[in-house]
Amino acid sequence: MKVVLVNGSPKPNGCTYTGLSIIKEQLAKQGVDSEIFQVGAKPIIGCTACVKCRTLGKCVFDDDGVNRVAEAMATADGLVLGSPVHYAGASGALTSFADRLFYSMDKKNLRLKFGASIVSCRRGGATAAFDQLNKYFTISQMPLVPSNYWNQIHGHTPEEVMKDEEGLQTLRVLANNMAYLIKCAAQSNVPLPEEEPKITTNFIR
Ligand SMILES: Cc1cc2nc3c(=O)[nH]c(=O)nc-3n(C[C@H](O)[C@H](O)[C@H](O)COP(=O)(O)O)c2cc1C
């Protein structure tokens with residue numbers, strides 16, 4: 001059992017990383033492995049809509065971690081996207097990363113695996129960024145894992161984050177719930193539902 005955690009902050013050891021580390025620690029207590037991928041520290045090119053992924057089976061830009069995370073998802077049971085709040089949204093780096101990851105990767109490695117996002121902010125815009133990130137999961141047939149609050153932590157430094165008792169609890173509960181759901185799915189004999197071929201209509205009738 002494994003969960004992939006993505007840090008979309010430019011700071012490899014900042015507040016978002018601190019939040020992801022709390023999740024990693026709690027997952028480990030529940031016997032679930034995890035790995036944090038740092039993706040926000042270098043500029044990340046956005047999706048150029050070249051659509052080469054449809055023939056390559058992966059993103060044409062191979063050097064910034066998108067394809068590494070896609071590969072990791074082949075054997076993972078869950079995915080957590082972590083981002084600082086930048087202007088009441090996810091970071092530009094994570095937005096570019098997630099656009100390309102979810103568009104280019106093999107959708108069967110996402111379907112009915114568990115997803116969650118966490119956001120870190122100094123003061124405001126957390127739920128807008130949280131909503132933005134959750135949409136990647138719900139369009140990919142990934143059940144969202146709940147906690148006892150929306151998954152946000154507050155602070156400008158890791159030390160401040162560690163004082164956000166409610167935020168830290170939210171992340172521990174999230175990790176416990178993700179571990180529980182992953183274990184339930186692992187023990188289930190219920191086959192995945194038959195998949196319908198995707199219909200894409202562009203609002204044209
Ligand atoms: C470009 C930029 C925009 C930001 N916008 C917001 C914002 O809209 N709301 C907020 O509360 N904090 C904002 N912040 C502060 C960060 O979200 C906050 O310090 C966060 O916890 C940093 O996480 P990190 O250490 O993982 O990067 C912004 C920071 C930057 C660099």
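First, a word on scope: everything that follows refers to the structure included in this document. (Residues numbered from 1 in each chain as written. Predicted model: local features only at pLDDT ≥ 70, side-chain atom pairs only at ≥ 80, totals over all residues. Heavy atoms only, no water.)

For the rest of this paragraph, the subject is the overall build of the chain. Scanning the chain from N- to C-terminus turns up seven helices and five strands. Ordered by position from the N terminus, the helices and strands of the chain form the series β-α-β-α-α-β-α-β-α-β-α-α. Computed over its C-alpha atoms, the radius of gyration of the chain comes to 17 Å, within 12% of the 17 Å expected for a compact globule of 205 residues. A principal-axis box enclosing the C-alpha atoms of the chain has dimensions of 50 × 40 × 35 Å. For the chain, the residues scored as buried account for 45% of the 205 residues in total. Contacts spanning at least 24 positions in sequence make up 77% of the contacts within the chain whose residues lie at least 6 apart. With the model as given, the accessible surface of the chain reaches about 11200 Å², and the carbon-plus-sulfur share is 55%. (Helix = DSSP H or I, 4+ residues; strand = E, 2+ residues; numbered from the N terminus. Rg over C-alpha atoms; globule rule 2.2 N^0.38 Å. Buried < 20%, exposed > 50% of the residue type's maximum accessible area, 1.4 Å probe, protein only. Contact = heavy atoms within 4.5 Å. Areas by Shrake-Rupley, 256 points an atom, 1.4 Å probe, with all protein chains shown as cover.)

If you trace the backbone, asparagine 7 turns up in strand 1 (residues 2-7). A polar atom in the side chain of asparagine 7 sits 2.7 Å from the side chain of glutamine 38. (Polar contact = N/O pair within 3.5 Å; in protein donor to acceptor, adjacent residues only side chain to side chain.)

Attention shifts here to the pairing of strand 4 (residues 114-121). Taking burial as the measure, the eight residues of strand 4 include eight buried ones, the bulk of the element. Neither face of strand 4 is left uncovered, since the one carrying Phe114, Ala116, Ile118 and Ser120 and the one carrying Gly115, Ser117, Val119 and Cys121 both have all their residues buried. Examined bridge by bridge, strand 3 (residues 78-84) and strand 4 share seven bridges and lie parallel to one another. What sits directly across from proline 84, in strand 4, is serine 120. Read from strand 3 through helix 4 (residues 92-104) to strand 4, the crossover connection turns out right-handed. (Pairing = 2+ DSSP bridges. Right-handed = clockwise from strand over helix to strand, strands pointing away.)

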